[in-house]
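Examination of the molecular architecture
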Amino acid sequence: MKPVPHATTLRRAPVQRRSAERLTRILDACAELLDEVGYDDLSTRAVAQRAGVPIGSVYRFFGNKRQMADALAQRNLERYAEHVTERLKDAERGDWRTALDAVLDEYLAMKRTAPGFSLVDFGNQIPVGVRHGEPNHRVADRLTDLLSGHLDRTPDEELRRSFLVAVETADTLVHLAFRVDPEGDEKIIGEMREMLRGYLARVLD
C-alpha cells in the first residue's frame, strides 16, 4: 500500500503504518460517500462509520469535512501524477504529443472511474459548482515539473504559462464534455485534443 500524501489540511500527519492505513480508509470512505450522498450531506460521522474507525480518528486528521475533501483532492493529484509518470516510461523522450495524450487520458480515466472525483477532482469544485483557479495552477505546476525533463525543456516561466493555459482550457472543455454526456462526449474531447495540440505546437515544436 502506498502511503497517503501528507496534505496541508491534515491536523496531524500519520507516523506509524497503522495510522497511515487508517487515514487511507477514511479518505476512501469519504470518496465513496461523496458519490452516494453528495458534499452537502457528507458528514464526518458517516465517514467514520463507513471507514470502520472511531469518530475521534477522523478528527485526529481533519477538523471538518472540507479538510477531508481537500485531502482527497490532493491524493487525487498525487495518484494522477503517478499514473502519468508510469505512462511516460513507454513514451519516446521529447515526444510531447504522446505525453499530452497520457495527460488527457489519465485525467479522463479518473474522471470516469475514481470515487468522489466528479465532485472534488483536484480541489476546484467545492462548494459544488464553484470552480477556483488555484488548483489549476497547482496542476499546471505539477505537470510542468513532471514533463519538463521528458521534453528536455527548462521549466521556465514561458513553459509554466503555456501549461497553465492548456490546463485551464482542458478543465473547461472536459466539464463541458461531461455535462453533455455523463461519460464524456467523445466529439468534444476530440476537439479539445486538437485545440491543445495546435496551441502547444507553437511552444513545443
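Here the structure is shown first, and the text comes after it.
Everything numeric in this text was worked out from a predicted model, so none of it was measured.

Basis of the calculations
Residues numbered from 1 in each chain as written. Predicted model: local features only at pLDDT ≥ 70, side-chain atom pairs only at ≥ 80, totals over all residues. Heavy atoms only, no water. Phe/Tyr/Trp six-rings, centres within 6.5 Å; stacked < 30°, edge-to-face > 60°. Buried < 20%, exposed > 50% of the residue type's maximum accessible area, 1.4 Å probe, protein only. Helix = DSSP H or I, 4+ residues; strand = E, 2+ residues; numbered from the N terminus. Lys NZ or Arg CZ within 6 Å of the ring centre and 35° of its normal. Arc of directions from axis to C-beta. Contact = heavy atoms within 4.5 Å.

A closer look at the packing of aromatic side chains
All chains considered together, the criterion is met by six aromatic pairs. Pairing Phe61 with Phe62 gives two aromatic rings, centres 6.3 Å apart and planes at 55°, and the pair type is tilted. Just as Phe61 is buried, Phe62 falls in that class too. Seen from their ring centres, Tyr80 and Tyr107 are 6.4 Å apart, and the 80° between their planes marks the pair as edge-to-face. In this pair, Tyr80 is assigned in helix H4 (residues 65-88) and Tyr107 in helix H5 (residues 96-113), connecting sequence segments 27 residues apart. For Tyr107, a relative accessible area of 10% translates into the label buried. Every member of this aromatic cluster is reached through a ring pair, and the members are Tyr80, Tyr107, Phe117 and Phe122. Geometry around Tyr39 places Lys65 over its ring, the cationic atom sitting 4.6 Å from the centre. A cation over a ring is seen here: Lys111 above Phe178, with NZ or CZ 5.4 Å from the ring centre.

Here's the deal with helix H2 (residues 44-51)
Among the residues making up H2, those that are buried are Thr44, Val47, Ala48 and Ala51. Taken around the axis of H2, the buried residues stretch over an arc of 100°, which confines them to a single face. Counted as exposed and oriented over 90 degrees from the buried face of H2: Arg45 and Gln49. Elements that come into contact with the buried residues of H2 comprise helix H1 (17-37), helix H3 (55-61) and H4. The positive-phi residue at the C-terminal boundary of H2 is Gly52, with phi of around 70°.

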